[in-house]
Amino acid sequence: MLVVALLVSATNGGAADEPQDSDGVRSLPAGAEWFADAKLGIFVHWGPYSVPAWADDTVVERGLPVGLADAEWYWYQQTLLPGGPVGVHHRETFGEEVLYDDFLDRWDAERYDPDQWMDLFSRAGAQYAVLTTKHHDGWALFDSAASDRDTVDDGPHRDLVRGFVNAARDRGLHVGLYYSLMEWFHPAYTADDGQQHLGGSDVLVPRLDPRNPYTSAPVPYRGYEERVEDCVRDHVHVQVDELLSRYEPELLWSHAAWDVPFDAYWQLGALLAEYWSNGRTVVVNDRCGQAGDYTTLEYAPSIEPQDRFFEATRGLGTSFGYNANETSEDLLTGDEAIALLVDVVAKGGNLLLNVGPRADGAIPRIQQERLIALGDWLAVNGEAIYGTRPVDPGLDDDVRATRGADATYLLLLSWPRDGILDIPLGVEGPDQVEYDVLGLDIPARRSGVDPRRLELGAAPREAAAWAVRLRAVGSDERPDRDEGEQSLTTPLLALTVGGALLLGAIGLGRRRRRAAHSPSSAETGATPRA
């Protein structure tokens, strides 16, 4: 018998609605409780890098910096290592005279339909969506006064952000916008030491100007405005202000924290303070300088509880941007995505799962199928996920637990072989509990002759996870949030799950196809790469 200590705090006034210090929720700004309740967001990486859509799929296996597995890092890899896999691929596929910026001429986004995107994201059960509005290549997906290096003046000749924002809000999704502060080759971007880190690793290499990687001939930084004297003041701050004032995102997901002293160089504090002073609320990740409102875990090899609210992010595969070199075996299965969501939520965070559309704007079918599988599971078990708070993150590998307004949910990543859940003797709790399994067409049952024994029976069907709902006998149905916050006291329970539970640790780490993943429990994060 595997003992699961399940500590559920007694509440009065709606456990799921009341931010608790122990949950880390109070690190979020006032008015941003939606973020702690949302649990699932969809990330989108889409840009000129979606045209070549290629990254080396042996990077992780060979122990190289993980950023080299990202298709959105195509230009950087090609420039720095022209004799490496990406450089060789480019030469053989496009020729040495084709520059990265030339991909704008091949990017027309003719199948971009943000309404279809948001229909898919809604079906997946996502509560928010985050678009990469500018990656490290410097191409903005919106019209900017700071530069003509954007998709309105070049390439698709469209404001790609506006359609995304409108479609999301039409479907009730919260809007997040990713913006890279740093650009690899921006002529006005300088660091004190004139160096940058290779793929986000500890390896320092010289900062490079735009050039043909094969001939070393300098090339123009397409769309660059010579009037930019100070990269931060004249470029970054202008574009961040454009995003905040024009689209009013609820989440600002910024990036590029490893090259320079963050706050001293980027100076975003004053800009954000002005935005907040106007009565607008925006959640800010921890890569915007200051401390941020929450912790970001990117491709973490295992999920460990954090000292405040966190968001775990990764692609469905090994890359954020679309990588045509990946196969279905490189992607999370639907069951793996479900298990990952359960793990993250029960340990106190959100999951931001990334999709990479093709250059034309279509999301590959295999990625859609993974999201739909996740959404089908959430349609049945969502009440054990949305708006909940973690109970005890130190549970057995196959058991997770969350608490809602008037119920506790035991999430089983495998079914107990003997179908028995026992509430041990001597543990303070009610004489009886009412329990059921979400999604099963059977009435709720009460503990019987032995009030601490719950008989679930044989596993009724195949599933990635099951949610067992536990309530004190006499509990009312969970009220809608709009109808009031009053809830009954939730009991203190200790549960024993019978049978051998075998599922291993769940992680965000990248993996090679057909390779077993063996994360280290000591690792809690990975080098920022998105």
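Residues numbered from 1 in each chain as written. Predicted model: local features only at pLDDT ≥ 70, side-chain atom pairs only at ≥ 80, totals over all residues. Heavy atoms only, no water.

Asker: So what exactly am I meant to see when it comes to the packing of helix H4 (residues 114–123) against helix H10 (residues 365–381) here?
Answerer: For any two helices packed against each other, the geometry comes down to the angle between their axes and how far apart the axes lie. Close contact between H4 and H10 brings their axes to 7 Å; oriented N to C, the two are set at 40°. Classed by the angle they form, the pair H4 and H10 counts as oblique. Contact residues: Leu120, Phe121 and Arg123 in H4; Gln368, Leu371, Ile372, Gly375 and Asp376 in H10. (Axes fitted to C-alpha atoms, helices over the stretch in contact; angles between N-to-C directions. Helix = DSSP H or I, 4+ residues; strand = E, 2+ residues; numbered from the N terminus. Parallel < 35°, antiparallel > 145°, perpendicular 65-115°, else oblique. Contact = heavy atoms within 4.5 Å.)

Asker: When you look at the packing of aromatic side chains in this model, what are you seeing that I'm missing?
Answerer: One pair of aromatic rings is described through two measures. These are the centre distance and the angle between the planes. Taken as a whole and judged by the stated rule, the model has 27 aromatic pairs. Judged by centre distance (4.9 Å) and plane angle (35°), the rings of phenylalanine 35 and tyrosine 294 are tilted. Note that phenylalanine 35 is positioned in helix H1 (residues 33–38) and tyrosine 294 in the loop between strand E8 (283–284) and strand E9 (295–298), a separation of 259 residues in sequence. According to the relative accessible area criterion, phenylalanine 35 is buried, its value standing at 0%. Overall, tyrosine 294 belongs to the buried group, its relative accessible area being 0%. Taking 4.8 Å as the distance between ring centres and 45° as the angle between the ring planes, the aromatic pair formed by tryptophan 46 and tyrosine 112 counts as tilted. Placement of tryptophan 46 in the loop between strand E2 (40–44) and helix H2 (74–80) and of tyrosine 112 in the loop between helix H3 (85–93) and H4 is noted, with a sequence separation of 66 residues between them. The exposure class assigned to tyrosine 112 is buried, which follows from its relative accessible area of 7%. (Phe/Tyr/Trp six-rings, centres within 6.5 Å; stacked < 30°, edge-to-face > 60°. Buried < 20%, exposed > 50% of the residue type's maximum accessible area, 1.4 Å probe, protein only.)

Asker: Please explain the pairing of strand E4 (residues 174–180) as it appears in this structure.
Answerer: Residues in a regular strand project their side chains so that they alternate between the two faces of the sheet. Burial analysis of E4 places 6 of its 7 residues in the buried class, which makes it a mostly covered element. Taking the sense of rotation as the criterion, the β-α-β connection linking strand E3 (residues 128–134), helix H5 (residues 160–170) and E4 turns out right-handed. In this sheet, strand E7 (residues 251–255) lies alongside E4 in parallel orientation, the contact comprising 5 bridges. Paired with tyrosine 178 across the bridge in E7 is tryptophan 253. (Right-handed = clockwise from strand over helix to strand, strands pointing away. Pairing = 2+ DSSP bridges.)

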